[in-house]
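Tertiary structure, described
Here is how the chains run, residue by residue.
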Amino acid sequence: MHSRTFAKGHGTENDFVLLVDRDARESLTDDQVRWICDRRAGIGADGILRAVAGRHIPEWSGDPDSWFMDYRNADGSIAEMCGNGVRVFVRHLVDEGLVVGPTVPVGTRAGLRMTEVLPDGRIRVEMGPARVALEDVRVLTADHRDLVAVPVDVGNPHAVSFVSDPSAIDLRDAPTWYPAEAFPAGVNAEFVSSRGPRHLEMRVFERGSGETRSCGTGTVAAAAAWHHRHHDGAVERAPAAGAVVYRVDVPGGTVEVELGERTYLTGPAVIVARGELLVPAGLDA
Ligand SMILES: N[C@@H](CCC[C@H](N)C(=O)O)C(=O)O
């Protein structure tokens, strides 16, 4: 058995275990990730945010000294980006005195993300482009719904379906999709309805984690898909008129998405615990 320090936090109840390991001295195997994220045998989380220096990530070509968010889903898989996670990541680095805000750059597998800690404590993240595909796909849910879905790339893949009532969708099993080749690396599936002008409600089934209480990249995908399909492809034209701001309600809270020349996600980030993880001997790498 060995021990390592951890913190636990969430962004709109999308929850994460944070492991700071700037010099990449500790291993983090898929089995360890699954154990840490297990809500009965481990700490419990939707994913892990490992904080390392960029130099330790082979696919990172940016500043080797910048902090890199090495994100893992609860099943051990790697994802390119996590919109709620990056806010929690920054909150933790600031709280621990490892960076000085308010502006904090973070390396991710989807590229560099500039973040800003706002005076009210929320964190605003520049999310890179949200690419809305022109061709729809179909998503099949556990309750045998066959839904039209809009593919959106926010650094990671999303399929956004517009439904009359997201709470009525059965998400006990993972949705599937067709054609299968639309998402060769899997997809995060969002179910979205309108609550008023520029106000959406969303549920999500995340690749690698199952149904979660929120997904930051998913809210950006939802707003971008909605705006694109209901304003005749207007996301690209938004800069002329200034950014449009969507409020997106998820089961775990509310975030704000700005669509314009750049895309921003703003929301809360909360650290709830710090402690010592006792890694069982069987999981020692
Ligand atoms: N919850 C995250 C997204 C995490 C990664 C996702 N499950 C994937 O595999 O792409 C968010 O807040 O964006």
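None of these values were measured; they are calculated from a predicted model.

1. So, the pattern of salt bridges
All told, the structure shown has 26 salt bridges when counted by the stated rule. With its nearest N and O atoms 2.9 Å apart, the salt bridge here joins aspartate 120 to arginine 122. Across the pair glutamate 211 and arginine 203 runs a salt bridge whose closest N-O atoms are separated by 2.9 Å. On the basis of relative accessible area, glutamate 211 is assigned to the partly exposed category, the value being 36%. Beyond isolated ion pairs, a larger network of salt bridges with shared partners links Arg50, Glu59, Asp70, Arg72 and Arg109.

2. A word on the site of the ligand
Taken together, 15 residues lie around the ligand, and Asn14, Gly83, Arg207, Gly216 and Thr217 are the ones closest in. Between a nitrogen atom of the ligand and a side-chain N or O atom of asparagine 14, the distance comes to 2.7 Å. Protein chains bury 100% of the 370 Å² of accessible surface belonging to the ligand in isolation. Elements with a minimum of two residues in the shell around the ligand: β4 (67-73), α2 (83-95) and α3 (216-230). Of the residues contributing to the shell around the ligand, the split by class is five nonpolar, eight polar and two charged. The two domains that each donate at least three residues to the shell around the ligand are domain 1 (2-128 + 269-283) and domain 2 (131-262).

3. Some details on the pairing of strand β13 (residues 188-196)
As paired elements, strand β11 (residues 157-162) and β13 share five bridges and run parallel to each other. For valine 160, the partnering residue across the bridge sits in β13 and is glutamate 190. Two strands pair when backbone bridges link them, and β13 and strand β14 (residues 199-206) are joined in this way by seven bridges, in the antiparallel orientation. Bridge assignment links phenylalanine 191 to a residue of β14, and that residue is arginine 203. Counting the residues between successive antiparallel strands, the hairpin from β13 to β14 contains two residues, one of them, arginine 198, with a positive phi of roughly 50 degrees.

4. Thoughts on unusual backbone geometry
Cis rather than trans, the peptide bond between glycine 101 and proline 102 has omega equal to 0 degrees. Here proline 102 is to be found in the loop between α2 and β5 (103-108). Omega for the bond connecting tyrosine 178 with proline 179 falls within 30 degrees of zero, at 0 degrees, which places this linkage in the cis form. Tracing the backbone through its elements, the reader meets proline 179 in the loop between β12 (176-178) and β13. Not every positive phi belongs to a glycine, and alanine 24 is a case in point at roughly 50 degrees. You can see alanine 24 is positioned in the loop between β2 (14-20) and α1 (30-37). For alanine 24, a relative accessible area of 27% corresponds to the partly exposed category. A positive phi angle, near 50 degrees, is found at arginine 198, a position not held by glycine.

5. With respect to the side chain of histidine 199
Relative to the assigned elements, histidine 199 resides in strand β14. Discounting residues that sit within four places of it in the chain, histidine 199 has contacts with Ser193, Ser194, Tyr246, Arg247 and Asp249.

6. Focus on the packing of aromatic side chains
Throughout the structure, instances matching the rule amount to four aromatic pairs. Consider the rings of phenylalanine 16 and tyrosine 71, whose centres lie 6.3 Å apart with planes at 75 degrees: the pair is edge-to-face. Here phenylalanine 16, found in strand β2, pairs with tyrosine 71, found in strand β4; they are 55 residues apart in sequence, far enough to count as distant. Residue class for phenylalanine 16 comes out buried when judged on its relative accessible area of 0%. Aromatic pair tryptophan 177 and phenylalanine 183: ring centres 5.9 Å apart, planes at 75 degrees, arrangement edge-to-face.

7. Here's the deal with the UniProt feature "binding site: substrate" (unreviewed entry) in the protein
UniProt tags Asn14, Asn73, Gly83, Asn84, Asn156, Asn188, Glu206, Arg207, Gly216 and Thr217 as "binding site: substrate" (unreviewed entry). As for its position among the elements, glycine 83 is in helix α2. Looking at glycine 83, the relative accessible area reads 0%, which means it is buried. Residues within four places of glycine 83 in sequence aside, it is in contact with Met127, Gly216, Thr217 and Leu265. Within the secondary structure layout, asparagine 84 lies in helix α2. Note on asparagine 84: relative accessible area 0%, which makes it buried. Those residues in contact with asparagine 84, other than ones at most four positions away along the chain, are Gly11, Thr12, Asn14, Phe16, Ser214, Cys215 and Gly216.

Cut-offs used in this document
- Residues numbered from 1 in each chain as written.
- Predicted model: local features only at pLDDT ≥ 70, side-chain atom pairs only at ≥ 80, totals over all residues.
- Heavy atoms only, no water.
- Salt bridge = Lys/Arg side-chain N within 4 Å of Asp/Glu carboxyl O.
- Buried < 20%, exposed > 50% of the residue type's maximum accessible area, 1.4 Å probe, protein only.
- Near = heavy atom within 4 Å.
- Polar contact = N/O pair within 3.5 Å; in protein donor to acceptor, adjacent residues only side chain to side chain.
- Areas by Shrake-Rupley, 256 points an atom, 1.4 Å probe, with all protein chains shown as cover.
- Helix = DSSP H or I, 4+ residues; strand = E, 2+ residues; numbered from the N terminus.
- Nonpolar A, V, L, I, M, F, W, Y, C, P; charged D, E, K, R; others polar.
- Domains from an automatic or database assignment.
- Pairing = 2+ DSSP bridges.
- Contact = heavy atoms within 4.5 Å.
- Phe/Tyr/Trp six-rings, centres within 6.5 Å; stacked < 30°, edge-to-face > 60°.
- UniProt positions renumbered as here; feature names shortened; annotations may be inferred.

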